[in-house]
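Next come the chains, spelled out residue by residue.
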Amino acid sequence: MTPRADLMLHQLVDTQFPTGAFSQSFGFEYLTFSGAVTDPASFQNWLADYLTEQLTYCEGLVIREVHQAPAPALAQVIQTWSAALYAQMLPKEMRYGNIQMGKQFSKLINQLLVDPQLQQYQTLVQEKVILPHSAIVFCLACRALQLTCTETLTNYYYMTLYNLTQNAVRGIPIGQTKGQQLIVALHPVITQAVAQTLALSVDEFGRTAPGLEIAQMKHQFLYSRSFMS
């Protein structure tokens, strides 16, 4: 039986979907330790920066290129952008965390959706042709569900921000109600980020704010940590 696309999408973006995202802070834990992120307002500012200054120019642009690739060229496009994605990812913990999340996501989604492109991706991972990344897995799942590129980017950005907000609820902490209000406040930022991603030149790939990467690098040197990155 083919799953309904809308229900499957709800399942994929749910914070309980077991990809390992609950164990990642992508740098905000270090900023909490340093005093730069300590409350809902400062976390919201960091989250908006993370979306517009890192996700948009890295994972978002890769999702766009993979989603728009013609089927005959898809495998080569995936290999090219997988290599580029990890080449520009300087923080060690970010690389390791994304590999683990991508591996788990790919393995799980292939048990939920029967799709030749997802199966091909899993084969490339198993044969160590590419390193797995959840952004590409999510993109391929959305292609299989026949979502548009705009819908795919919107849901990926929402999923990422929502997962990080749930982590901040227990990691800062900011409180569940404040977390929900924060996500609503970021809805227009997500919409703007999607439009920005669709308009980018491929030459802008990897144009990440150094401050975000420095915080992600420094995380591994914290004396004690609640998150892996």
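Above this text is the structure in question.
Attention here is on the structure that accompanies the text. (Residues numbered from 1 in each chain as written. Predicted model: local features only at pLDDT ≥ 70, side-chain atom pairs only at ≥ 80, totals over all residues. Heavy atoms only, no water.)

## Considering the environment of glycine 97
No. 1: You can see glycine 97 is positioned in helix α5 (residues 92-112).
No. 2: Glycine 97 sits in the buried class, given a relative accessible area of 1%.
No. 3: Sequence separation between glycine 97 and isoleucine 63 is 34 residues, and the spatial gap between their C-alpha atoms is 18 Å. (Helix = DSSP H or I, 4+ residues; strand = E, 2+ residues; numbered from the N terminus. Buried < 20%, exposed > 50% of the residue type's maximum accessible area, 1.4 Å probe, protein only.)

## Notes on the packing of aromatic side chains
No. 1: Overall, the coordinates contain eleven aromatic pairs when judged by the stated rule.
No. 2: Between phenylalanine 26 and tyrosine 50 the ring centres are 6.0 Å apart and the planes differ by 25°, which places this aromatic pair in the stacked class. Here phenylalanine 26 is found in the loop between α1 (5-13) and α2 (28-34), whereas its partner tyrosine 50 is found in helix α3 (residues 40-67), with 24 residues between them in sequence.
No. 3: Among the residues examined, tyrosine 50 registers a relative accessible area of 1% and is labelled buried.
No. 4: With a centroid separation of 5.1 Å and an interplanar angle of 80°, the aromatic rings of tryptophan 81 and phenylalanine 205 are classed as edge-to-face. (Phe/Tyr/Trp six-rings, centres within 6.5 Å; stacked < 30°, edge-to-face > 60°.)

## Describing the pattern of salt bridges
No. 1: Per the counting criterion, the structure on display carries four salt bridges.
No. 2: Between aspartate 6 and arginine 4 there is a salt bridge; the shortest N-O distance is 2.5 Å.
No. 3: For aspartate 6, a relative accessible area of 36% gives the class partly exposed.
No. 4: For arginine 4, a relative accessible area of 52% puts it in the exposed group.
No. 5: Glutamate 65 is the salt-bridge partner of arginine 64, the closest N and O atoms lying 2.7 Å from each other. (Salt bridge = Lys/Arg side-chain N within 4 Å of Asp/Glu carboxyl O.)

## Section: helix α7 (residues 134-144)
No. 1: Counting buried positions over the eleven residues of α7 gives ten, a clear majority of the element.
No. 2: Along α7, the residues that are buried comprise Ser134, Ala135, Ile136, Val137, Phe138, Cys139, Leu140, Ala141, Cys142 and Arg143.
No. 3: Buried residues along α7 sit in contact with α1, α3, α4 (74-87), α5, α6 (116-126) and α8 (149-171).
No. 4: One or two positions beyond α7, positive phi appears at glutamine 146, with a value near 65°. (Contact = heavy atoms within 4.5 Å.)

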